[in-house]
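Summary of structural features
Residue strings, one per chain:
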Amino acid sequence: MSEEFLLQTKDITKKYKNFVAVDHVNINLKKGEIYGLIGRNGAGKTTLLKMLAGLANPTEGDYTIFGMSGRKTASVRDRIGVLIENPGLFGNMSAYDNLKVKALALGLNDPDYLRELIDYVGLTSAGKRPVKKYSLGMKQRLGIALTLVSHPDLLLLDEPINGLDPQGIIEMRELIEKLAKEQNITIIISSHILEELSKIATRYGVINEGRLIAEFTHEELLEKCIQLLELRTDDISKANIVLENMGIRDYQNIDKRTIHIFERVNDCGKIVLEMARNNVDISLVETKHRSLEEYYIDITDRDSIGRTGEEKK
Ligand code: ATP
């Protein structure tokens, strides 16, 4: 496996009796990335993260993490911060005391660092208040602080925005971005809401019924979501000829001045240049996107339908 990657899985699989929860998944994670793992409820995200965290054993396959086989990760466990399901907080204790319990369990004693962590996740004003009085957003941020006690290089965050109100979501997003940028921590974050992940992730893996069905960068995602190009011109018939001469057939004249082009939508620059060469004035050119959620639902639906077809064969 390549050294360029902080984490690589090779056909990692988890079966519960005959049920395959994670099915031969291969993901490659580079240092510094924020990897968005997207999938519906039950797709296998938590199971995959649990295997990467060393909390569940793969039935088949393997993975390499920090250059070591996943089967021998005991020595690198402290380099991985894990927030899966709920953070396991002591409700009657303050944030500081919760962090102290974790630090002691790890054999660490650095009170200044624990106070720094509280500041870092924005919980200073909570003071000595017991954690049971915290909002869900505050609890999640404390959960992140707990993952940071051991100074990890990799964070595995399972649905950290689930159930948060809009303000809580913004705070969590800002914190995750800060961790990646300022602390240089590599992050895998799972969610069933692509729209939300898209605000922070640099790369994505789509998981459906246990299988990784697509992987793409943020830029590729935006390109995939471009649905059509809208051109506006005073000379629509001449513009149509230019398109035809370029071999573009899949377009539609919406009104006397507006054309929608559905093919080669990423060739926007070339199309406009060709119009200019033929003295067709273009007063507006715009790409119209489908929502990220529409794109994600489309690829997962197609995969599920494809699989039903396969099974019938
Ligand atoms: P969610 O957001 O609902 O947690 P997920 O994508 O994280 O979804 P997983 O929790 O990984 O999905 O579950 C994947 C599938 O494996 C589900 O169908 C789940 O019921 C099943 N599963 C998970 N853990 C076990 C277990 N210990 N025993 C049997 N089946 C399990």
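Since this is a predicted model, take the numbers as computed values, not measurements.

Quick look at the state of the cysteines
Tallied over the full model, the rule gives zero disulfides. C268 provides the cysteine sulfur closest to C225, a residue in no disulfide bond, and the two sulfurs are 17 Å apart. The partly exposed category is assigned to C268, whose relative accessible area is 22%.

Digging into the sheet that holds strand β10 (residues 203–208)
Reading across the sheet, the six strands line up as β7-β8-β9-β4-β10-β11 and stay open at both edges, with mixed pairing between neighbours. Either end of the sheet is taken by a strand with one partner, and the two such strands are β7 (80–83) and β11 (211–217). When strand polarity is set aside, the average angle formed by the axes of neighbouring strands in this sheet is 15°. Summarising the sheet, β10 and β11 pair through six bridges and their orientation is antiparallel. Opposite I207, over in β11, you have L212 as the bridge partner. Of the strands in this sheet, β4 (34–38), β8 (154–158) and β9 (186–191) are in contact with helix α5 (residues 166–183), which crosses β9 at around 155°.

Observations concerning the nonpolar core
Ranked by internal contacts, the top residues of the largest apolar core, which has 51 residues, are L99, L179 and I187. Aside from chain neighbours lying at most four places away, what touches L99 is L114, L117, I118, L142, A145, L146 and V149. Formed by 26 residues, the second largest nonpolar core is a distinct cluster that contains L49, A53, I84 and I188.

Section: helix α4 (residues 136–148)
Taking 1.5 Å per residue as the helical rise, α4 with its 13 residues ought to reach 18 Å, and the 19 Å between its terminal C-alpha atoms agrees with that figure. A large share of α4 lies buried, amounting to 11 of its 13 residues. When α4 is considered as a whole, its buried residues turn out to be G137, M138, Q140, R141, L142, G143, I144, A145, L146, T147 and L148. The inward-facing, buried residues of α4 contact β7, α2 (95–105), α3 (111–120), β8 and α5.

Remarks on the site of the ligand
With respect to spatial proximity, the complete set of residues near the ligand consists of Y16, F19, A21, R40, N41, G42, A43, G44, K45, T46, T47 and E159. G44 is positioned with one of its backbone polar atoms (N or O) 2.8 Å from an oxygen atom of the ligand. When isolated, the ligand has an accessible area of 630 Å², and the protein chains bury 58% of it.

Side note on the domain arrangement of the protein
Under the domain assignment, the protein is made up of domain 1 (7–220) and domain 2 (223–312). Taking only C-alpha atoms, the centre of domain 1 and the centre of domain 2 are 38 Å apart. With 18 residues of domain 1 at the contact, the number on the domain 2 side is 15 residues. Both faces considered, domain 1 and domain 2 share a buried interface measuring about 1400 Å² in area, 48% of it formed by carbon and sulfur atoms. Three residues, R40, L194 and R211, lead the burial of domain 1 against domain 2; their summed loss comes to 33% of the area buried on that side. We note a salt bridge from D303 to R211, for which the minimum N-O separation is 3.3 Å. Our enumeration of links across domain 1 and domain 2 arrives at 12 residue pairs in polar contact (both at pLDDT 80 or more). Looking at the side of domain 1 that touches domain 2, the elements that each hand over two or more residues are α6 (194–197), β10, β11 and α7 (218–224). With four residues, the single largest contributor to the side of domain 1 that touches domain 2 is β11. Its residues assigned to classes, the side of domain 1 that touches domain 2 comprises seven nonpolar, four polar and seven charged.

Some points on the layout of surface pockets
The space that makes up the largest pocket amounts to roughly 390 Å³. Considering the residues around the largest pocket, the lining is formed by 21 residues, among which I80, V82, K102, L146 and T147 are closest to the centre. Element by element, the count of residues in the lining of the largest pocket is highest for β7, at four residues. Tallied by class, the residues present in the lining of the largest pocket amount to 11 nonpolar, seven polar and three charged. Reported here for the second largest pocket is a volume of approximately 210 Å³. Considering the residues around the second largest pocket, the lining is formed by E85, N86, P87, G88, L89, L136, K139, Q140, D158, E159 and N162. If one sorts the elements of the lining of the second largest pocket by residue count, α4 sits on top with three residues.

Some details on the packing of aromatic side chains
Taken as a whole, this structure holds two aromatic pairs when the rule is applied. A ring pair is formed by Y204 and F216, whose centres lie 5.5 Å apart and whose planes are at 35°; its orientation type is tilted. Of this pair, Y204 sits in strand β10 while F216 sits in strand β11, placing them 12 residues apart in sequence. Here the aromatic rings of F216 and Y295 are separated by 5.8 Å at their centres, their planes lie at 65°, and the arrangement is edge-to-face.

What about the environment of D119?
With respect to the helices and strands, the residue D119 is situated in helix α3. According to the relative accessible area criterion, D119 is partly exposed, its value standing at 47%. Linking D119 and A145, residues 26 residues apart in sequence, is a C-alpha distance of 9.6 Å.

Cut-offs and rules
- Residues numbered from 1 in each chain as written.
- Predicted model: local features only at pLDDT ≥ 70, side-chain atom pairs only at ≥ 80, totals over all residues.
- Heavy atoms only, no water.
- Disulfide = S-S within 2.5 Å.
- Buried < 20%, exposed > 50% of the residue type's maximum accessible area, 1.4 Å probe, protein only.
- Pairing = 2+ DSSP bridges.
- Helix = DSSP H or I, 4+ residues; strand = E, 2+ residues; numbered from the N terminus.
- Axes fitted to C-alpha atoms, helices over the stretch in contact; angles between N-to-C directions.
- Contact = heavy atoms within 4.5 Å.
- Core = buried A, V, L, I, M, F, W, Y, C linked by side-chain atoms within 4.5 Å.
- Expected span 1.5 Å × (residues − 1).
- Near = heavy atom within 4 Å.
- Polar contact = N/O pair within 3.5 Å; in protein donor to acceptor, adjacent residues only side chain to side chain.
- Areas by Shrake-Rupley, 256 points an atom, 1.4 Å probe, with all protein chains shown as cover.
- Domains from an automatic or database assignment.
- Buried area = accessible area lost by both parts, 1.4 Å probe.
- Salt bridge = Lys/Arg side-chain N within 4 Å of Asp/Glu carboxyl O.
- Nonpolar A, V, L, I, M, F, W, Y, C, P; charged D, E, K, R; others polar.
- 1 Å grid on protein atoms, 1.4 Å probe; cavity = no way out; pocket = protein on both sides within 12 Å on 5 of 7 lines; lining within 4 Å.
- Points joined across faces, edges and corners; volume = space filled by probe spheres on them.
- Phe/Tyr/Trp six-rings, centres within 6.5 Å; stacked < 30°, edge-to-face > 60°.

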